[in-house]
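One letter stands for each residue in the lines below.
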Protein chains: 2
Amino acid sequence: MVGNMLGIVRVWTTEDEQLLQEHSVLLRQRMGIHSISDCIPDQPYGIYNQESKAAALPKITALVKEIAADADIDAISISCAADPALDVSRAAVSIPVIGAGEAGAHAACMISDKIGVLGLTNKIPEAIETVLGERLVGHLVPDGVTNTTDLLKKETTAAAISSARQLINQGATAILFACTGYSTIHLKETIIKELAVPVIDLVEAQGMAYSMIRQRR
Amino acid sequence: MVGNMLGIVRVWTTEDEQLLQEHSVLLRQRMGIHSISDCIPDQPYGIYNQESKAAALPKITALVKEIAADADIDAISISCAADPALDVSRAAVSIPVIGAGEAGAHAACMISDKIGVLGLTNKIPEAIETVLGERLVGHLVPDGVTNTTDLLKKETTAAAISSARQLINQGATAILFACTGYSTIHLKETIIKELAVPVIDLVEAQGMAYSMIRQRR
């Protein structure tokens, strides 16, 4: 029997069930997609440097294997723009594994050859940079943003719109988020309303990828 | 005012309105997307060699410009796997232009790193080959198929399933159609039913791309 549910891997540790299921709630509300989110253990601050990344990689692969053992799950998504452990996870299980960053970058390439990236840290995620290639117009981090928590600050939305406007002035005809945190603050809707430019949200990109995979509707 | 309709360019000439609107009908029925299809003049056999391609390119760009002048249209799609005149068309108008082949190839990359391509002619479309890169597992044309008309033959479905099975045996975890003609014969549904593998249909890929662009729902 084929399942009909997406398993979502969050790459930071929380015991707050509501926070944990955030991306699953967005996917159900916006796209009618059923999913369940799970997180890696013992990394309350997620991935923030090489050491924490190295620690996370085997945990992600282990979690992917655990989720894949559930007969209700027919695909898994790693919900992080940096696509940590994507290749090894794909090699480890027989169901499709989606990477949020990679999926978002390819989605952006479907509609634009001049893409502006709105990120969270100064370094653009490697897979996103590789996929976009010459389509990458620029990569900006909104003023005052240094980590995911900053996204919740009131002034972040205005700063993000200003960055998106700057990317459009540089020639971008689509905006790609390089952080799933932007999904939580519904930045896509705000940018579309203010700037009338297509925006690729990484949680929605995972949903779009999953809609191509699922066999049962 | 922003429109909310996709303009579809068909790269062959027909006066049969039903045939002409075929992709528009599929997009409405399957995805609830509103579109209108138009075709280039004086090419009843479409694009089938270098000469006919050279003749078609300026006609495609002219048609793209004409469609873009319609205020109801907020994006244009060139509905051909070979993406003829995509770059020049993008440079010629201010609304987004989608290429069926390119959009399909990127859609496939969102869900798989081992993609098998089911084509119409021995040569794989260049943009599809470029986008897939190392993800391309193989490219096959079903036995007995040499042009779009052959797709309508009763025996084509069985031959296409056999080719798809061969691509899966070669390691493919997703099948990408490299011809919009496969949409017309609903081959995606048949392959999913028989082989339980995700299939990227080029008409649906255009619809997916458009769903990221449209501002009004």
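- In the annotation of an unreviewed UniProt entry, the entry for chain A reads Hydantoin racemase, and the organism field reads Shouchella clausii.

**Some thoughts on the overall build of chain A**
So, step 1. A count of helical and extended segments in chain A gives 10 helices and 8 strands.
So, step 2. Relative to the compact-globule value of 17 Å for 217 residues, chain A shows a C-alpha radius of gyration of 16 Å, a close match.
So, step 3. Oriented by its inertia axes, the alpha-carbon framework of chain A measures out at about 50 × 35 × 30 Å.
So, step 4. In chain A, buried positions account for 56% of the 217 residues.
So, step 5. Sequence-distant contacts in chain A: of pairs separated by 6 or more residues, those separated by 24 or more amount to 63%.
So, step 6. Taken as a whole, chain A presents about 9,500 Å² of accessible surface, with 51% of it coming from carbon and sulfur.

**With respect to the pairing of strand β2 (residues 35-39) of chain B**
All names here are of chain B.
So, step 1. Here β2 shows a clear split, with S35, S37 and C39 buried on one side and none of I36 and D38 buried on the other.
So, step 2. Note that strand β1 (residues 5-10) and β2 share 5 bridges and pair parallel. Directly across from R10, in β2, lies its bridge partner C39.

**A few points about a negative patch on the surface**
So, step 1. A cluster of acidic residues, D16(A), E17(A), D38(A) and E66(A), forms a negative patch at the surface.
So, step 2. For E17(A), a relative accessible area of 47% puts it in the partly exposed group.

**Concerning the sheet that holds strand β4 (residues 97-99) of chain A**
Residues and elements named next belong to chain A.
So, step 1. Strands sit in the order β2-β1-β3-β4 across an open sheet of 4 strands; the sheet is parallel. Because the sheet does not close on itself, it has two edges, and the strands there are β2 (35-39) and β4. Direction aside, the axes of adjacent strands within the sheet are offset by 25° on average.
So, step 2. The sheet contact formed by strand β3 (residues 73-78) and β4 spans 3 bridges and is parallel.

**Thoughts on helix α9 (residues 187-195) of chain A**
Residue and element names in this part refer to chain A.
So, step 1. Those residues of α9 not exposed but buried are L187, K188, I191, I192 and L195. Down the axis of α9, the buried side of the element spans an arc of 130°, and every buried residue falls inside it. Among the exposed residues of α9, those oriented more than 90 degrees off its buried face are K193 and E194.
So, step 2. If you follow the buried residues of α9, they end up packed against β5 (115-118), α7 (156-169), β7 (174-177), α8 (181-184), β8 (199-200) and α10 (202-213).
So, step 3. Positioned one or two residues after α9, A196 has a phi angle of 50°, which is positive.

**Side note on the packing of aromatic side chains**
The relation between two aromatic rings is expressed through the spacing of the ring centres and the mutual angle of the planes.
All names here are of chain A.
So, step 1. Taken as a whole and judged by the stated rule, the model has 2 aromatic pairs over all chains.
So, step 2. Pairing F177 with Y182 gives two aromatic rings, centres 5.0 Å apart and planes at 40°, and the pair type is tilted. Here the two residues F177 and Y182 agree in accessibility, since each one is buried.

**Digging into the nonpolar core**
So, step 1. Ranked by internal contacts, the top residues of the largest apolar core, which has 68 residues, are M110(A), I128(A), L176(A), M110(B), I128(B) and L176(B).
So, step 2. Those residues in contact with M110(B), other than ones at most four positions away along the chain, are R90(A), I98(A), A103(A), H106(A), A107(A), M110(A), A205(A), M208(A), A209(A) and M212(A).
So, step 3. Core analysis: the second largest hydrophobic core is formed by 22 residues, L118(A), L167(A), F177(A) and Y182(A) among them.

**Structural notes on the interface of chain A and chain B**
Bring the parts together and some accessible area is lost; that lost area is often taken as the interface size.
So, step 1. With 25 residues of chain A in contact, the opposing surface of chain B contributes 25 residues.
So, step 2. Buried area between chain A and chain B, both sides added, is near 2,300 Å², and the carbon and sulfur share of it is 61%.
So, step 3. Looking at the side of chain A facing chain B, the largest losses of area belong to M110(A), I111(A) and M212(A), adding up to 33% of the total buried there.
So, step 4. Applying the counting rule to chain A against chain B returns 3 residue pairs in polar contact (both at pLDDT 80 or more).
So, step 5. At the level of elements, α5 (100-111) and α10 of chain A are the ones that each hand at least two residues to the side of chain A that touches chain B.
So, step 6. Counting residues per element, the side of chain A that touches chain B draws most heavily on α5(A), at 7 residues.
So, step 7. Residues that form the side of chain A that touches chain B fall into these classes: 17 nonpolar, 3 polar and 5 charged.

**Regarding the packing of α10(A) against helix α5 (residues 100-111) of chain B**
So, step 1. With their axes 9 Å apart at the nearest point, α10(A) and α5(B) run at an angle of 95° to one another. Put simply, α10(A) runs roughly perpendicular to α5(B). The segment α10(A) lies against α5(B), with A205(A), M208(A), A209(A), M212(A) and I213(A) engaging A107(B), M110(B) and I111(B).
So, step 2. Its residues placed into classes, the contact of α10(A) with α5(B) shows 8 nonpolar, no polar and no charged.

**Notes on the pattern of salt bridges**
So, step 1. Evaluated as defined, the whole model comprises 14 salt bridges over all chains.
So, step 2. Note that K188(A) and E204(A) form a salt bridge whose closest N and O atoms lie 2.6 Å from each other. Residue K188(A) is found in helix α9, and its partner E204(A) is found in helix α10; the two are separated by 16 residues along the sequence.
So, step 3. Of the residues examined, E204(A) reaches a relative accessible area of 16% and is grouped as buried.
So, step 4. D150(B) is paired through a salt bridge with K153(B); the nearest N and O atoms lie 3.6 Å apart.
So, step 5. By relative accessible area, which is 12% here, D150(B) ends up buried.
So, step 6. By relative accessible area, which is 34% here, K153(B) ends up partly exposed.

Rules used in this analysis
- Residues numbered from 1 in each chain as written.
- Chains lettered and ligands numbered in written order.
- Predicted model: local features only at pLDDT ≥ 70, side-chain atom pairs only at ≥ 80, totals over all residues.
- Heavy atoms only, no water.
- Helix = DSSP H or I, 4+ residues; strand = E, 2+ residues; numbered from the N terminus.
- Rg over C-alpha atoms; globule rule 2.2 N^0.38 Å.
- Buried < 20%, exposed > 50% of the residue type's maximum accessible area, 1.4 Å probe, protein only.
- Contact = heavy atoms within 4.5 Å.
- Areas by Shrake-Rupley, 256 points an atom, 1.4 Å probe, with all protein chains shown as cover.
- Pairing = 2+ DSSP bridges.
- Patch = residues over 30% accessible without salt bridge, like charges linked within 9 Å, V, L, I, M, F, W, Y side chains within 5 Å.
- Salt bridge = Lys/Arg side-chain N within 4 Å of Asp/Glu carboxyl O.
- Lys, Arg positive; Asp, Glu negative; His and termini not counted.
- Charge placed at Lys NZ, Arg CZ, Asp CG, Glu CD.
- Axes fitted to C-alpha atoms, helices over the stretch in contact; angles between N-to-C directions.
- Arc of directions from axis to C-beta.
- Phe/Tyr/Trp six-rings, centres within 6.5 Å; stacked < 30°, edge-to-face > 60°.
- Core = buried A, V, L, I, M, F, W, Y, C linked by side-chain atoms within 4.5 Å.
- Buried area = accessible area lost by both parts, 1.4 Å probe.
- Polar contact = N/O pair within 3.5 Å; in protein donor to acceptor, adjacent residues only side chain to side chain.
- Nonpolar A, V, L, I, M, F, W, Y, C, P; charged D, E, K, R; others polar.
- Parallel < 35°, antiparallel > 145°, perpendicular 65-115°, else oblique.

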